[in-house]
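Tertiary structure, described
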Amino acid sequence: MDLPKPEPTDVSRPFWDALREGHLVFQRCACGHAFLPARRECPACLRPDPTWERASGKGRLVSWVVYHTAYHPAFEGRLPYNVALVELVEGPRLLTNIVDPNDALAGDAPVELKIEWEGETALSRFRLAAR
Amino acid sequence: MGLSGRYVIGGIGHTAFGKLPGRDTVSMNVEACRNALAEARIEKSVVDAVFVKVPSSAHQFMYGQKVAEALGIAPRMGGAWDQGGAANITLLSFAIMGIEAGQCDVALVCYADNPRTGNRAHFGRPRGDDAAYGWFSTAAGYAMIHRRHAIEYGTRPEDFAAVAIACRKHGAANPQAQLRAAIDLDKYMESPWVVDPLRKDDCALVSDGGAAMVVMSAKRARELGVPEPVPVLGFGHGQTSFELPQRATLTSTEAVRAGGTAFAMAGLQPKDIDVAQLYDCFTITVLMTLEDYGFCRKGEAGAFVADGAIEIGGRLPINTSGGLLSETGMPGLQLVMEGVRQMRGTAALQVPGAKTCLVSNQGGTMHTHATLILGA
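Below: a short report on this structure. (Residues numbered from 1 in each chain as written. Chains lettered and ligands numbered in written order. Predicted model: local features only at pLDDT ≥ 70, side-chain atom pairs only at ≥ 80, totals over all residues. Heavy atoms only, no water.)

Let us now look at the pattern of salt bridges. Residues and elements named next belong to chain A. Applying the stated criterion across every chain yields a total of 34 salt bridges over all chains. We note a salt bridge from Arg28 to Glu53, for which the minimum N-O separation is 2.7 Å. One end of the pair, Arg28, is in strand E1 (residues 25-28); the other, Glu53, is in strand E3 (residues 51-54), with 25 residues separating them in the sequence. Given a relative accessible area of 23%, Arg28 falls into the partly exposed group. (Salt bridge = Lys/Arg side-chain N within 4 Å of Asp/Glu carboxyl O. Helix = DSSP H or I, 4+ residues; strand = E, 2+ residues; numbered from the N terminus. Buried < 20%, exposed > 50% of the residue type's maximum accessible area, 1.4 Å probe, protein only.)

This is the structure in structure tokens:
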């Protein structure tokens with residue numbers, strides 16, 4: 001069964017399109033604030049129309065959880081799987097999966113982007129990186 | 001002139017907690033309000049404000065007016081508030097401020113929900129585009145915070161267990177509790193994962209039920225002959241971002257601001273609190289709010305709870321009727337009710353001589369927080 005699909009909006013579509021082209025992007029406002037998820041107004045200064053900027057793909061593992069029960073049938077065959085909170089070196093934070101074994105995960109571990117395709121959708125996952 | 005001590009909770013009431021098949025939330029609100037009015041020994045004709053917490057599991061349009069109509073009351077002020085488990089203390093605050101401003105006189109604050117026999121899909125729902133990564137459920141957000149606290153402070157499973165053990169022990173002594181079963185460390189450690197690192201014994205019950213309280217000035221309570229009014233010494237609030245990843249820290253709660261405001265209003269410090277009812281939707285919430293209220297230093301809640309400090313007879317007994325982990329999962333107001341009983345000296349597990357009680361309410365995934373300090 002397919003994973004639940006993201007539903008890009010006019011505001012968030014550049015994020016999902018960039019992943020399909022092999023890049024993780026985030027928004028940066030004229031005031032300098034960098035953020036995700038996509039929105040029309042900067043939450044720091046409320047100016048509209050931030051620009052998109054390519055992320056280095058490097059970050060750190062802030063925290064993670066491991067599911068032993070599937071809340072959606074598409075995840076039944078993936079148990080036990082992790083969902084992780086990663087902070088990019090550029091500042092924005094996002095929810096993702098770490099593709100390494102669950103017991104290899106450690107707090108504040110360095111991670112790097114690993115784009116993976118699920119059907120027609122490109123997802124921004126991460127793998128553990130050398131310290 | 002401050003508000004501290006000038007307003008009271010005049011009466012409390014609730015339905016049974018647990019499985020109440022076939023009961024709708026409006027009906028449960030009416031039952032709880034009827035019981036609260038009876039306990040305050042006042043007629044509904046003196047009530048001119050109805051503040052309602054929306055049922056989390058099934059939002060309805062203009063819900064406050066549905067409840068007011070069912071109560072046969074045309075309020076001057078009120079409505080329904082969507083703030084998760086922090087809503088009840090917030091609504092009590094609104095009621096007090098409304099009365100102070102001359103906008104109303106006597107207020108009912110109530111909520112009811114039926115996720116146990118009704119629809120609980122709300123609690124396991126996917127979270128937007130992040131569902132593609134498998135991100136589901138309320139519990140997962142707390143699990144993420146639980147893990148981060150352990151990363152930063154070395155918080156051990158035994159520390160989380162101590163919270164569950166205390167709440168379940170107190171609930172076992174409460175004849176009204178939904179779950180009357182004490183646990184020990186071995187049983188906690190055998191408890192199955194909900195979302196690792198959260199075990200089943202870290203998680204609140206899921207319950208049907210309703211609860212209500214009557215709020216008025218101390219002066220009005222005397223005029224109306226309310227037999228056991230309990231004074232409100234302080235309250236405070238705090239709120240943070242909707243998206244969990246957008247918070248600068250996962251290991252601080254809005255209890256910092258809510259508690260700071262409430263303590264300042266009451267003119268009290270953490271050391272002055274005799275008993276506390278701390279929102280225990282998950283065990284991590286209790287550990288973090290103990291720290292954030294200043295009952296212990298940051299990162300030291302594990303050591304604080306390890307020696308029985310939060311059990312009856314300890315330095316700060318908490319959740320003396322069992323909390324959300326044992327009495328009922330219904331959010332928030334039952335903790336206020338137990339605070340009222342402790343201040344009256346009528347609790348099933350009474351803390352001898354208790355003169356102050358701090359009550360903590362929290363909503364969403366630590367999105368919202370409200371603090372109440374009651375006096376005897």
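So, about the environment of Ile73 of chain B. Here Ile73 of chain B is to be found in the loop between helix H2 (63-71) and strand E3 (77-81). For the pair Ile73 of chain B and Thr371 of chain B, spaced 298 residues apart in the sequence, the C-alpha separation amounts to 28 Å.

Let us now look at the interface of chain A and chain B. Across the boundary between the two partners, chain A contributes 36 residues, which contact 27 residues of chain B. Interface area for chain A against chain B, summed over the two sides, is near 2,700 Å², with a carbon-plus-sulfur share of 59%. Area buried by chain A at its contact with chain B is led by Tyr71, Arg93 and Leu95 of chain A, which between them contribute 25% of it. Where chain A touches chain B, the interface holds 1 salt bridge. Residue Arg148 of chain B is joined to Asp108 of chain A by a salt bridge in which the shortest nitrogen-to-oxygen separation is 2.9 Å. Along the contact surface separating chain A from chain B lie 13 residue pairs in polar contact (both at pLDDT 80 or more). For the side of chain A that touches chain B, the secondary structure elements donating two or more residues are strand E4 (58-67), strand E5 (81-88), strand E6 (93-96) and strand E8 (121-128) of chain A. Examining the composition of the side of chain A that touches chain B, we find that 8 residues originate from one element, E4 of chain A, more than from any other. Looking at the side of chain A that touches chain B, its residues break down into 21 nonpolar, 9 polar and 6 charged. In the sheet, E4 of chain A pairs with strand E5 (residues 193-196) of chain B via 2 bridges, with the strands oriented antiparallel. Residue pairing in the sheet places Val66 of chain A in a bridge with Asp196 of chain B of E5 of chain B. (Contact = heavy atoms within 4.5 Å. Buried area = accessible area lost by both parts, 1.4 Å probe. Polar contact = N/O pair within 3.5 Å; in protein donor to acceptor, adjacent residues only side chain to side chain. Nonpolar A, V, L, I, M, F, W, Y, C, P; charged D, E, K, R; others polar. Pairing = 2+ DSSP bridges.)

So, to be careful, I would describe these as geometric facts and stop short of saying anything about function.
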